[in-house]
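Listed below, chain by chain, are the residues.
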Amino acid sequence: MGEHDTVRVRLRAAVRADDPWTALSALSAPNTDQTGSLADAVEELYRSDADRAALRPCFGWLLGLLGEAGDELLLRLSAEPAFGADDRRDLLRTAVTRRLRLPAELLRTYGEQVPASGGKGAHAARPPASELVDAMGLSGDASFAPRLGDLLGSPAVGGRAALALGRLGVRAWTAPIAGRLSEVTGLDHTAFVVALELMGDPAAVPYLLRWLAESGEERVYDVHHALVRLTGRDPLLPERASGAAYAAAVRAAWAGGRTERAPATVRDLAVESGAWARFSVDGGAGRIRVAFDPPMHGAPWPRWDRSLTFDGKPLYRVGSHCDTCELGLALLDWPEDEARSIAARMRGRLARLERLDAALLAEWSPVLAELETGHYRALLLDLPLERVSDAALSWWYRRAAARAEVDGDDCAYADDPPEDYWPGVAHFQLTTPVPGGRVPFTYGALLPSQPLETLAPETVARHAAAIAEGERPAAVPLGWIDDRYVEARHEERWLVGAVLDGHHRLAAYAAAGVPARVLLLARVGERGAEGGLEGLAEVAAAYGRRDDCGDGT
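Residues numbered from 1 in each chain as written. Predicted model: local features only at pLDDT ≥ 70, side-chain atom pairs only at ≥ 80, totals over all residues. Heavy atoms only, no water.

Asks: Please set out the side chain of Asp282 residue by residue, giving values where relevant.
Replies: Looking at the secondary structure, you find Asp282 in strand β2 (residues 276–282). Here the side chain of Asp282 touches Arg267 through a polar contact of 3.0 Å, side chain to side chain. Beyond its immediate chain neighbours, meaning those up to four positions away, Asp282 contacts Asp234, Pro235, Leu236, Pro263, Ala264, Thr265, Arg267 and Thr373. (Helix = DSSP H or I, 4+ residues; strand = E, 2+ residues; numbered from the N terminus. Polar contact = N/O pair within 3.5 Å; in protein donor to acceptor, adjacent residues only side chain to side chain. Contact = heavy atoms within 4.5 Å.)

Asks: Got a sec to walk through the nonpolar core? Specific residues and values, please.
Replies: Counting residues in hydrophobic clusters, the biggest one holds 83 residues, and the most contacted among them are Leu11, Val42, Phe59, Leu148 and Leu208. Contact partners of Leu148, with chain neighbours within four places excluded, come to Val133, Met136, Ala161, Ala164, Leu165 and Leu168. Of all hydrophobic cores here, the second largest spans 46 residues; its members include Ala277, Leu371, Leu447 and Ala498. (Core = buried A, V, L, I, M, F, W, Y, C linked by side-chain atoms within 4.5 Å. Buried < 20%, exposed > 50% of the residue type's maximum accessible area, 1.4 Å probe, protein only.)

Asks: Talk me through the packing of helix α12 (residues 186–199) against helix α14 (residues 220–231); I want residue IDs and the actual numbers.
Replies: Between α12 and α14, whose axes approach to 9 Å, the crossing angle comes to 5°. One element, α12, and the other, α14, form an angle in the roughly parallel class. Together, His189, Thr190, Val193, Leu196 and Glu197 of α12 and Asp222, Val223, His225, Ala226, Arg229 and Leu230 of α14 make up the contact between the two elements. Looking at the contact of α12 with α14 residue by residue, the class counts come to 5 nonpolar, 3 polar and 3 charged. (Axes fitted to C-alpha atoms, helices over the stretch in contact; angles between N-to-C directions. Parallel < 35°, antiparallel > 145°, perpendicular 65-115°, else oblique. Nonpolar A, V, L, I, M, F, W, Y, C, P; charged D, E, K, R; others polar.)

Asks: A description of the pairing of strand β10 (residues 442–447) should follow, citing residues and the corresponding values.
Replies: Each regular strand shows side chains that alternate between the opposite faces of the sheet. With 6 of 6 residues buried, β10 is to be regarded as a mostly interior element. Where burial is concerned, the two faces of β10 agree: the one with Thr442, Gly444 and Leu446 and the one with Tyr443, Ala445 and Leu447 are both buried. For strand β9 (residues 427–430) and β10, the ladder comprises 2 bridges, and the chain directions are antiparallel. Its bridge partner lying in β10, Gln429 is registered against Ala445. Bridging between β10 and strand β12 (residues 490–501) involves 6 bridges; their strand directions are parallel. Bridge pairing in β12 places Thr442 opposite Arg493. (Pairing = 2+ DSSP bridges.)

Asks: How would you sum up unusual backbone geometry? Please name residues and give values.
Replies: The backbone phi angle of Asp268 is positive, close to 55°, even though this residue is not glycine. As for its placement among the helices and strands, Asp268 is situated in strand β1 (residues 265–273).

Asks: Outline the environment of Leu455, supporting the account with residue identities and numerical values.
Replies: Its location among the elements puts Leu455 in the loop between β10 and α21 (457–468). Between the alpha carbons of Leu455 and His504 there is a distance of 6.5 Å; along the sequence they are 49 residues apart. With residues up to four places along the chain from it excluded, the contact list for Leu455 reads Gln450, Val460, His503, His504 and Ala507.

This is the structure:
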């Protein structure tokens, strides 16, 4: 039996196994020849009526495993006229999920053959399948714009049509999208607003301002978010305002059509102890921020995943804001050197930082103004940290393993390998969960903004020598408290931080086993949420500078 036959037999057995995912993992190809054989076998099974149903649940995963060969295979299968309408729709859905740009002519053919939304069989009164609308937006072909524009009023695919137009960037449709904001509700309203953000057209601003004054309070957040994106003006709102108070504050901030961006200011600076201070950033430059990702293709939620960004470049995927989904961070890319140097301007005083004071924070105001608009707490902490590069030793996996032990036979995590939870980079973490907290499992992780493998050994050694002599140079992470109730069964809390400055210092502390002096800058209080104040107070109580630690309120 040749290699191709062997791979085909193994693939056929794997997709029919009781645990297909474990069996399929063994098919991971270490070299190009095996990848080609696996691609051939996948195509052969998909073209077989007898095998296609068994292969279909695993098909998208296998395409991802194959990389470029998977995209080429998907294009070949998508262009195959022999497949029925349901199969073509399934291929189209897979192509959208993989963000594959299909040829315009192929999409026009699909429009004639793929079942319409709302039932089987094409009908002139029915809109096209939602996957086809998504694929038009992915195509980059502006000739689809009129067809998509005609669909804006469709209850079935209107929101998807708006997003598709936003992705195409055909600004002639800015006004028609904005003009329908009063006609759509729920997720469709969010989709229309996000479409205007994708379009990036300032012509939408007057429509948004008018709609802000008229809309119900449940729609105010989306409109405010779009105005910030399209004007660059990010006004400070009251901390933890919610409901009607939040809506009133947003309307007041944009009253009179104010859209010009003012210089960033740091205000409301108050030092409550040597370990705890508060300040607010108004009109922040937002060079470092957690921002929504562009909407996922084919997903029902226009706003879902978020990323920590430096100068608009994603550093870490933060994941969804769903409070019953677990928190999982993933490295996306490293920022430019300039972004990493922002906090370095604070370095002079960080060498011997013993307590917070108003003069110190005022001196750092130009640096703090680079942050996103919002309300912040500054905490001076001594954190017991360890450097972790083994996925099995990271809290990201250990918390899942702990949940598995609690759930026993009813566990959704028992068979997950540690690599499934690994953020993709060596990092620092608390040696134990935070003691004394209301949430028994409060984990902590500081993730780097540069590869730890590239740290200069001589610099780490220099800091280690200073630490051994009793000095406590401080590192600066930007962080937050993240509360989750995973699957509505497991309450978890995370102290998360991205290191802005001090990687060498943290490495030296971790190697020496000495608690690391950290100046944590944490944003709190967005849209009425508790904003992690309870968690920050618990962190301050556990690790704040002992000689002068306030009550953390």
